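# Architecture at a glance
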Number of protein chains: 2
Amino acid sequence: MESTQLLDILGNENRRKILQLLASRPCYVGEITERIGLGAKAVLGHLDMLEQNGMIRADTNERRRKYYQITENLKLEVFVSPYSYTVETSTVQQHPSGDGVEETSPVQKDDAKAVDALKELNRKLFELESGRRELAKQQRNIEGEMTDVMAQCIDWVHEVAHDYLEADILMTVIREPQNRRSLSMSLGLAEYFIEEQISSLIERGVMYERQINNRQLLTLIDE
Amino acid sequence: MESTQLLDILGNENRRKILQLLASRPCYVGEITERIGLGAKAVLGHLDMLEQNGMIRADTNERRRKYYQITENLKLEVFVSPYSYTVETSTVQQHPSGDGVEETSPVQKDDAKAVDALKELNRKLFELESGRRELAKQQRNIEGEMTDVMAQCIDWVHEVAHDYLEADILMTVIREPQNRRSLSMSLGLAEYFIEEQISSLIERGVMYERQINNRQLLTLIDE
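The shown structure was predicted, so the numbers you read here are calculated from the model rather than taken from an experiment.

## Things to note about the sheet that holds strand E2 (residues 56-60) of chain B
Residue and element names in this part refer to chain B.
- Spatially, three strands are ordered E1-E3-E2 in an open sheet, and the strand pairing comes out antiparallel. Two strands close off the open sheet at either side, each with one partner strand: strand E1 (27-28) and E2.
- Inspection of the sheet shows E2 paired to strand E3 (residues 66-70) by five bridges, in the antiparallel sense. Paired with Thr60 across the bridge in E3 is Lys66.
- Against the sheet, helix H2 (residues 13-22) contacts E1, E2 and E3, and its axis sits at roughly 95° relative to E3.

Structure below.
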């Protein structure tokens, strides 16, 4: 799914509530309207939108009652700072049958066994969660460093650029090498409008236009 | 900032465009309307909202022209799967003056020096970015494992729970230990409505109510 689609979906409080509810378990429409405290028509509208985007799926049970469940494993990351705005959506892969799955799969109907298995899984979940938090902390540190480097870049860009447009071009290319088309789209300006600045930056040896992974890209980094 | 606030902000395409633009550099209102291709009134509405939420700040230059810039370093992470819905917002700390900052700070007006400094910073940025990507990959792996463990939990919860409400209570507490109030809020149900199930789960030895970090919490994990 596109990040913009996902942000549009998550921008609505009631859709967030519906997803939160479905993340606890598959639900019938009746349950959803009752829990969300919203009319059936509005709920159905949201469910339709979520279904069309492929986030949820409708199934019917043996008594032909329709229920909804989440289909995707999506991770969305947004980072906003004075020097960067990045949005990334990725699909998280489940490991269909890892180690320890067999021994705890529910074949036994013994309640005590089930309770023990559940507690064991919960402990495992907590260990994973603390690992996840540690990685998230490291990531925030790197992002802090990146923001700092970007701040320094801005200072230097103002020394190097001859006008605002050159500064914008440089900052965009510093974030990620661009071809002329992606650069013009990212700046929201027609290609012919930035040609002169690109040529001047290349002539002055500030920027290069070269092959990276078989694409002709503008970059500040030489080979 | 609250995650829900941030999601509301990012749920609008034009606000995303404004933030993206301001992330490249501070801008005057005129520049913003021109780039976004939206009427001044609509743009001012969005800018007001962003300012009230503390995401951007207005300043005036020496000629009293008003410009806007992003003030926050925010990281938003959303994870949606059939078994979990988590939203986290964190503030990324900048390192005001790390190593290497001094040597590259713009005191020299020599263009060649500035270009070299910029290229060096860009290389550094790329190294940080590849580190960030690596951590993100590890994190997605952990999240995949967590999703897998949650899937197993759901199977066992259905063995242990006597009704849907008990299943919902267990799944919520497995994700994170809860007090009675937070549990009732998270389920969207009044406290008295879930008392019976809580008592029964505790009596049956499935769930505990105990002190964790000075808070009385419901949990499946014993000491």
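## Thoughts on the side chain of Gln197 of chain B
- Considering the arrangement of structural elements, one finds Gln197 of chain B in helix H9 (residues 191-203).
- Overall, Gln197 of chain B belongs to the buried group, its relative accessible area being 13%.

## What to know about the packing of aromatic side chains
- Per the counting criterion, the structure on display carries four aromatic pairs over all chains.
- Relative to Tyr67 of chain B, the ring of Tyr28 of chain B has its centre 6.2 Å away and its plane inclined at 85°; by these criteria the two rings are edge-to-face. Of this pair, Tyr28 of chain B sits in strand E1 while Tyr67 of chain B sits in strand E3; the two residues are 39 residues apart in sequence, bridging distant segments of the chain.
- The class of Tyr28 of chain B is buried, set by a relative accessible area of 14%.
- Look at Tyr192 of chain B and Phe193 of chain B: their rings are 6.4 Å apart centre to centre, the planes differ by 75°, and that puts the pair in the edge-to-face class.
- Taking relative accessible area as the criterion, Tyr192 of chain B reaches 63% and is therefore assigned exposed.
- Between the NZ or CZ atom of Arg25 of chain B and the centre of the ring of Tyr164 of chain A, over which it lies, the distance is 4.4 Å.

The rules behind each value
Numbering of residues starts from 1 in every chain and runs along the sequence as written. Think of it this way: whatever chain is written first is A, whatever ligand is written first is 1, and the rest follow in order. Local features in this predicted model are restricted to residues whose pLDDT is 70 or higher, and side-chain atom pairs enter the listing and the counts only when it is 80 or higher, whereas totals over whole chains, interfaces and linings include all residues. Calculated side-chain values reflect all of the structure's heavy atoms, with hydrogen atoms and water omitted. Pairing between two strands is assigned when DSSP locates at least 2 bridges connecting them. Here a helix means four or more residues in a row that DSSP labels H or I, a strand means two or more in a row labelled E, and each is numbered from the N terminus. Whether two residues touch is decided by their heavy atoms; if any such pair falls within 4.5 Å, the residues are in contact. Angles here are taken between N-to-C directions and fall from 0 to 180 degrees, while the axes themselves are lines fitted to C-alpha atoms, restricted in helices to the stretch in contact. Classification of residues uses two cut-offs on accessible area relative to the type maximum, computed with a 1.4 Å probe and protein chains only: under 20% is buried, over 50% is exposed, and between them is partly exposed. When two rings of Phe, Tyr or Trp (its six-membered ring) have centres within 6.5 Å they constitute a pair, described as stacked for plane angles under 30 degrees, edge-to-face for angles over 60, and tilted for the intermediate range. Ring-over charges, as used throughout, are those where CZ of Arg or NZ of Lys falls within 6 Å of the ring centre and within 35 degrees of the ring normal.

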